[in-house]
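Each chain is listed here by its residues.
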Amino acid sequence: AQKVTQAQTEISVVEKEDVTLDCVYETRDTTYYLFWYKQPPSGELVFLIRRNSFDEQNEISGRYSWNFQKSTSSFNFTITASQVVDSAVYFCALASGGYNKLIFGAGTRLAVHP
Amino acid sequence: GAVVSQHPSWVICKSGTSVKIECRSLDFQATTMFWYRQFPKQSLMLMATSNEGSKATYEQGVEKDKFLINHASLTLSTLTVTSAHPEDSSFYICSASYVTQDYGYTFGSGTRLTVV
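Overview of the structure. Since the model is a prediction, treat every value here as computed from it, not as a measurement. (Residues numbered from 1 in each chain as written. Chains lettered and ligands numbered in written order. Predicted model: local features only at pLDDT ≥ 70, side-chain atom pairs only at ≥ 80, totals over all residues. Heavy atoms only, no water.)

**What about the overall build of chain B?**
Step number 1: Counting secondary structure elements, chain B contains 0 helices and 11 strands.
Step number 2: For chain B, the sequential pattern of α-helices and β-strands runs β-β-β-β-β-β-β-β-β-β-β.
Step number 3: Against the 2.2 N^0.38 benchmark of 13 Å for 116 residues, chain B shows a C-alpha radius of gyration of 14 Å, consistent with a compact globule.
Step number 4: The principal-axis extents of the C-alpha atoms in chain B amount to approximately 45 × 25 × 20 Å.
Step number 5: Excluding contacts between residues fewer than 6 apart, the proportion of contacts in chain B whose partners are at least 24 apart in sequence is 52%.
Step number 6: As displayed, chain B offers around 5800 Å² of accessible surface, 51% of which is attributable to carbon and sulfur atoms.
Step number 7: Between the centroid of the 9 positive side chains of chain B and the centroid of its 9 negative side chains there is a distance of 7 Å. (Helix = DSSP H or I, 4+ residues; strand = E, 2+ residues; numbered from the N terminus. Rg over C-alpha atoms; globule rule 2.2 N^0.38 Å. Contact = heavy atoms within 4.5 Å. Areas by Shrake-Rupley, 256 points an atom, 1.4 Å probe, with all protein chains shown as cover. Lys, Arg positive; Asp, Glu negative; His and termini not counted. Charge placed at Lys NZ, Arg CZ, Asp CG, Glu CD.)

If you want it as structure tokens, here you go:
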């Protein structure tokens, strides 16, 4: 069975703080893809990153970074020096077995205050 | 590339009527499309997976006679909410998988349905 767990329902930080959003996944497949999406109040999903199961390299993109650890089945997302514009709901998602349905975690609502 | 256009962006309908939501892939052929529903402050829940030219596969608990999905072409999939009730009010999002240099999913902008 596939499952994505985002244990943090809501996080509130003050601007310029660093924040890490946790994601733990479950799958029996050896080939799978992990994603992070941002959903601002408008509702549209904004793609942030995709990782396949064979690429465990961490990635940094500006203030965003991702830590993928197969040993703990985790794919955590860190925002450095958070900004008010980062306020949104962030979803971690999993697709396994190739060209298959995308399963979402419950989401983490991030509020960044000035 | 890999853009999906979803219409309408919002719709209000009377209880008992039907509403059709369209998703079009603009620059690629969407062999497989997915339909999600999102209630306020909740996650995206997969409703069904549709493959072009065949019947949709519905997730457990989703009424296939109520949520009619048609994927008659490689560029168009529709979701019709039949005999809508207030509890069907939700945010509906379509998605298509694509394969170019990578593998990924592209999402429509969503349709906010309110049934009064």
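**Some remarks on a nonpolar patch on the surface**
Residue and element names in this part refer to chain B.
Step number 1: On the surface, a cluster of nonpolar side chains totalling about 370 Å² of accessible area is made up of Trp 10, Ile 12 and Val 116.
Step number 2: By the element assignment, Trp 10 lies in strand β2 (residues 10-13).
Step number 3: In this structure Trp 10 comes out as exposed when scored by relative accessible area, which is 57%. (Patch = residues over 30% accessible without salt bridge, like charges linked within 9 Å, V, L, I, M, F, W, Y side chains within 5 Å. Salt bridge = Lys/Arg side-chain N within 4 Å of Asp/Glu carboxyl O. Buried < 20%, exposed > 50% of the residue type's maximum accessible area, 1.4 Å probe, protein only.)

**Brief notes about the packing of aromatic side chains**
Residue and element names in this part refer to chain A.
Step number 1: Following the criterion strictly, the structure yields 19 aromatic pairs over all chains and no others.
Step number 2: Relative to Phe 68, the ring of Tyr 25 has its centre 6.2 Å away and its plane inclined at 50°; by these criteria the two rings are tilted. Of this pair, Tyr 25 sits in strand β4 (residues 24-26) while Phe 68 sits in strand β8 (residues 64-69); the two residues are 43 residues apart in sequence, bridging distant segments of the chain. Just as Tyr 25 is buried, Phe 68 falls in that class too. (Phe/Tyr/Trp six-rings, centres within 6.5 Å; stacked < 30°, edge-to-face > 60°.)

**What to know about unusual backbone geometry**
Step number 1: Each neighbour pair has its own omega, and for His 7 of chain B with Pro 8 of chain B the value is -5°, a cis peptide bond.
Step number 2: Summarising the element assignment, Pro 8 of chain B is placed in the loop between β1 (4-7) and β2.
Step number 3: Within the chain, Ala 81 of chain A stands out as a residue other than glycine whose phi angle is a positive 50°.

**A word on the layout of surface pockets**
One way to see where empty space is left: roll a probe the size of a water molecule over the atoms.
Step number 1: The volume enclosed by the largest pocket comes to roughly 480 Å³.
Step number 2: Taken together, 24 residues line the largest pocket, and the ones lying closest to its centre are Gln 39, Val 89 and Arg 109 of chain A together with Gln 38 and Lys 41 of chain B.
Step number 3: The set of elements that each furnish at least two residues to the lining of the largest pocket consists of β10 (88-96) and β12 (108-113) of chain A.
Step number 4: When grouped by side-chain class, the residues that make up the lining of the largest pocket number 11 nonpolar, 9 polar and 4 charged. (1 Å grid on protein atoms, 1.4 Å probe; cavity = no way out; pocket = protein on both sides within 12 Å on 5 of 7 lines; lining within 4 Å. Points joined across faces, edges and corners; volume = space filled by probe spheres on them. Nonpolar A, V, L, I, M, F, W, Y, C, P; charged D, E, K, R; others polar.)

**Side note on the environment of Phe 77 of chain A**
Residue and element names in this part refer to chain A.
Step number 1: You can see Phe 77 is positioned in strand β9 (residues 74-79).
Step number 2: Along the sequence, Phe 77 and Asp 29 sit 48 residues apart, while their C-alpha atoms lie 22 Å from each other.
Step number 3: Each residue touching Phe 77, except ones within four places of it in the same chain, is listed here: Val 19, Thr 20, Leu 21, Trp 36, Leu 48, Tyr 64, Ser 65, Trp 66 and Tyr 90.

**Observations regarding the interface of chain A and chain B**
Step number 1: With 20 residues of chain A at the interface, the matching set in chain B holds 21 residues.
Step number 2: Between chain A and chain B we count 1 salt bridge in total.
Step number 3: Ionic pairing is found between Lys 101 of chain A and Glu 59 of chain B, a salt bridge with its closest N-O pair at 3.1 Å.
Step number 4: Here chain A and chain B share 4 residue pairs in polar contact (both at pLDDT 80 or more) between them. (Polar contact = N/O pair within 3.5 Å; in protein donor to acceptor, adjacent residues only side chain to side chain.)

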